[in-house]
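A structural walkthrough
Chain by chain, the residues run as shown.
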Amino acid sequence: MRTLAHDDDQLAAGEGGLIVRSADPLNCETPLPALAGAQVVPNALFYVRNHFGIPVLDPATWRLDVGGLVDRRLSLDIGRLRAMRSATAVVTLECAGNGRAGFRPPVPGEKWGLGAVSTAEWTGVPLTEVLDQAGIQAAAQEAVFRGADCGQVDGHDGRVFFERSLPVRQLRRAGALLAYAMNGEELPVRHGYPLRLVVPGWYAVASVKWLTGIELIGGSFRGHFQVDRYHIGGKQLSWQRVRSLIVEPAPGGTVEPGDIVIRGLAWSGAAPIARVEVRIGDGPWQPAALAGDRQRHSWQWWEAPALLSRPGNLTIRARATDLAGQAQPDQPRWNSLGYANNAIHQVRLAVAEPSVPWPGDPR
Ligand SMILES: Nc1nc2c(c(=O)[nH]1)N[C@H]1C(S)=C(S)[C@@H](COP(=O)(O)O)O[C@H]1N2
Ligand SMILES: [Mo]
């Protein structure tokens, strides 16, 4: 199998302004401050999370094979899929490891900051269309999604493919797409060309890229990325936890005293965002205004005006609550593999000495 020369791809990533965490496999964060209120992240700036080399698939020979506990086995080429009923959705993908660098004591794994999250408009075939064509048998309990990428994994003989499963009872309400387009463009190679699964609201490990197979099985899938990774204490990761991030002003920066607008993002897999609150220093929590489009599975921009009058160092915090009543913890909920850190985001700022005296300033 041909894989993308990672030197080339790393170069491209650097040019695109991504923050490269690892070149091989290619893992990159989105520079969130560069987004400035945009609903979707341009494809070139969408974060990248890979476990193996990027497979380069030939669309002429590529097939999506559907098998296992189905009434009819399917082998669909990209033309067949594109001819089927399509749907489009704006969906935020977040890596379960996003924010792993914030765990104390530290945990092994890619040391993600807060940029392993992005939003795009995905177009493809509703997963249910394909599964209905195949006909799921009553004995099927899980659907296993296989990616074309594979490699060596400690503790396993031979090649391990990237595979994840979803419970059959979740498939219908998941609203998952078999996506072939991203932000109106052909799905880029690094994001899964020619076809990827997109599972709205779930940690993005579920959204298998370079999809080649769907197999319906009668038990619980025991693959490496299901049982050795991407769980918390044996419990499968599913919905993205509620979270908000401060995007502006940028952490560690210096701002002039006076009126500023704090802006950020909030999302939750389980339910829409109910509210976001910000706290300046030791002040009270104050409501932020939700801004921009509200789409069920997309992050939501918010903003809050603030008056920063006193020079010195300052901490700004933001916390979101979703309509299911879930809130964010003050501190990361530590787990040995370092997943699902949704602790309240804190940003430290310096407020400069005023360059012109304040009206009424006694100096
Ligand atoms: N085939 C395949 N699919 C995959 C992965 C992978 O390594 N191989 N990584 C998963 C993980 S952990 C994440 S966070 C998302 C990242 O998707 P992106 O690179 O398009 O941002 O893809 C998921 N799907
Ligand atoms: Mo991930």
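Cut-off values and rules
- Residues numbered from 1 in each chain as written.
- Chains lettered and ligands numbered in written order.
- Predicted model: local features only at pLDDT ≥ 70, side-chain atom pairs only at ≥ 80, totals over all residues.
- Heavy atoms only, no water.
- Helix = DSSP H or I, 4+ residues; strand = E, 2+ residues; numbered from the N terminus.
- Rg over C-alpha atoms; globule rule 2.2 N^0.38 Å.
- Buried < 20%, exposed > 50% of the residue type's maximum accessible area, 1.4 Å probe, protein only.
- Contact = heavy atoms within 4.5 Å.
- Areas by Shrake-Rupley, 256 points an atom, 1.4 Å probe, with all protein chains shown as cover.
- Lys, Arg positive; Asp, Glu negative; His and termini not counted.
- Charge placed at Lys NZ, Arg CZ, Asp CG, Glu CD.
- Salt bridge = Lys/Arg side-chain N within 4 Å of Asp/Glu carboxyl O.
- Phe/Tyr/Trp six-rings, centres within 6.5 Å; stacked < 30°, edge-to-face > 60°.
- Pairing = 2+ DSSP bridges.
- Axes fitted to C-alpha atoms, helices over the stretch in contact; angles between N-to-C directions.
- Domains from an automatic or database assignment.
- Buried area = accessible area lost by both parts, 1.4 Å probe.
- pLDDT = per-residue confidence, 0-100.
- Near = heavy atom within 4 Å.
- Polar contact = N/O pair within 3.5 Å; in protein donor to acceptor, adjacent residues only side chain to side chain.
- Nonpolar A, V, L, I, M, F, W, Y, C, P; charged D, E, K, R; others polar.

Okay, the overall build of the protein next. Within the protein one finds five helices and 24 strands. In summary, the protein has a C-alpha radius of gyration of 22 Å against a globular reference of 21 Å for 363 residues, a match within 12%. In terms of overall dimensions, the protein has C-alpha extents of about 80 × 45 × 40 Å along its principal axes. Evaluated residue by residue, the protein yields a buried proportion of 53% over its 363 residues. For the protein, the proportion of contacts with a sequence separation of at least 24, taken over those separated by at least 6, is 73%. Roughly 16,000 Å² of accessible area belongs to the protein as shown, and the carbon and sulfur atoms make up 50% of that amount. Across the protein, the centroid of the 37 positively charged side chains sits 6 Å from that of the 35 negatively charged ones.

Another aspect to go through is the pattern of salt bridges. Inspection of the entire model under this criterion finds nine salt bridges. In this structure, Arg-85 engages Glu-129 in a salt bridge whose closest nitrogen and oxygen atoms are separated by 3.0 Å. On the criterion of sequence distance, the pair formed by Arg-85 in the loop between helix H2 (78–83) and strand S6 (87–94) and Glu-129 in helix H3 (residues 127–134) is long-range, its members being 44 residues apart. Arg-85 sits in the partly exposed class, given a relative accessible area of 48%. Arg-263 serves as the salt-bridge partner of Glu-248, at 3.1 Å between the closest nitrogen and oxygen.

Attention now moves to the packing of aromatic side chains. As enumerated under the stated definition, the model contains seven aromatic pairs in all. Ring plane angle 25° and centroid distance 5.1 Å describe the contact between Tyr-230 and Tyr-339, whose orientation is recorded as stacked. Residue Tyr-230 is located in the loop between helix H5 (224–227) and strand S14 (231–232), and its partner Tyr-339 is located in the loop between strand S23 (312–322) and strand S24 (345–351); the two are separated by 109 residues in the primary sequence. An identical accessibility class is assigned to Tyr-230 and Tyr-339; each is buried. Both rings, one in Trp-267 and one in Trp-299, keep their centres 6.4 Å apart while their planes meet at 55°; by these two values the pair is tilted. Pair noted here: Trp-267 is in strand S18 (residues 258–267) and Trp-299 is in the loop between strand S21 (289–291) and strand S22 (300–308), with a separation of 32 residues, a long-range link. For the pair formed by Trp-267 and Trp-299, the shared burial category is buried. The rings of Phe-46, Tyr-47 and Trp-122 are connected pair by pair, giving a single aromatic cluster.

Paired through their backbone hydrogen bonds, the strands of a sheet run either parallel or antiparallel. Spatially, the five strands line up as an open sheet ordered S17-S24-S23-S19-S20, and their pairing is mixed. Strands with a single pairing partner mark the edges of an open sheet, and in this sheet they are strand S17 (254–255) and strand S20 (285–287). Bridging between strand S19 (residues 273–280) and S23 involves seven bridges; their strand directions are antiparallel. Looking across to S23, one finds that Arg-275 is bridged to Thr-321.

All right, on to the sheet that holds strand S16 (residues 243–248) then. Reading across from one edge, S16-S18-S22-S21 is the order of the four strands in this open sheet, with antiparallel pairing throughout. Every other strand in the sheet has two partners, leaving S16 and S21 as the edge strands with one partner each. Ignoring strand direction, the axes of neighbouring strands in this sheet form an average angle of 35°. Summarising the sheet, S16 and S18 pair through five bridges and their orientation is antiparallel.

What follows concerns the pairing of S19. Note: S19 against S20, three bridges, orientation antiparallel. Across the sheet, the residue bridging to Arg-279 is Trp-285, located in S20. Hairpin connection between S19 and S20: a loop of four residues separates the two successive antiparallel strands, and Gly-281 in this loop has a positive phi of roughly 55°.

Structurally, the protein comprises domain 1 (2–236) and domain 2 (243–351). Taken over C-alpha atoms, the centre of domain 1 sits 28 Å from the centre of domain 2. Residue-level contacts link 35 residues of domain 1 with 24 residues of domain 2. In this assembly, domain 1 packs against domain 2 so that about 2,600 Å² is buried in total across both faces, 61% of it on carbon and sulfur atoms.

Let's shift gears to the confidence of the model for the protein. With 94% of its residues at a pLDDT of 70 or more, the protein shows a mean pLDDT of 93. Confidence drops under pLDDT 50 across residues 6–11; counting only partners more than four residues distant or on other chains, this segment forms nine contacts.

Close to ligand 1 lie 19 residues; Tyr-47, Asp-149, His-191, Arg-196 and Lys-209 are nearest. One of the side-chain nitrogen or oxygen atoms of Asp-149 is found 2.6 Å away from a nitrogen atom of ligand 1. When the free accessible area of ligand 1 is taken as 530 Å², the share hidden by the protein chains comes to 100%. Of all the secondary structure elements, the ones that give two or more residues to the shell around ligand 1 are strand S3 (48–49) and strand S8 (142–151). In terms of residue class, the shell around ligand 1 is built from ten nonpolar, five polar and four charged.

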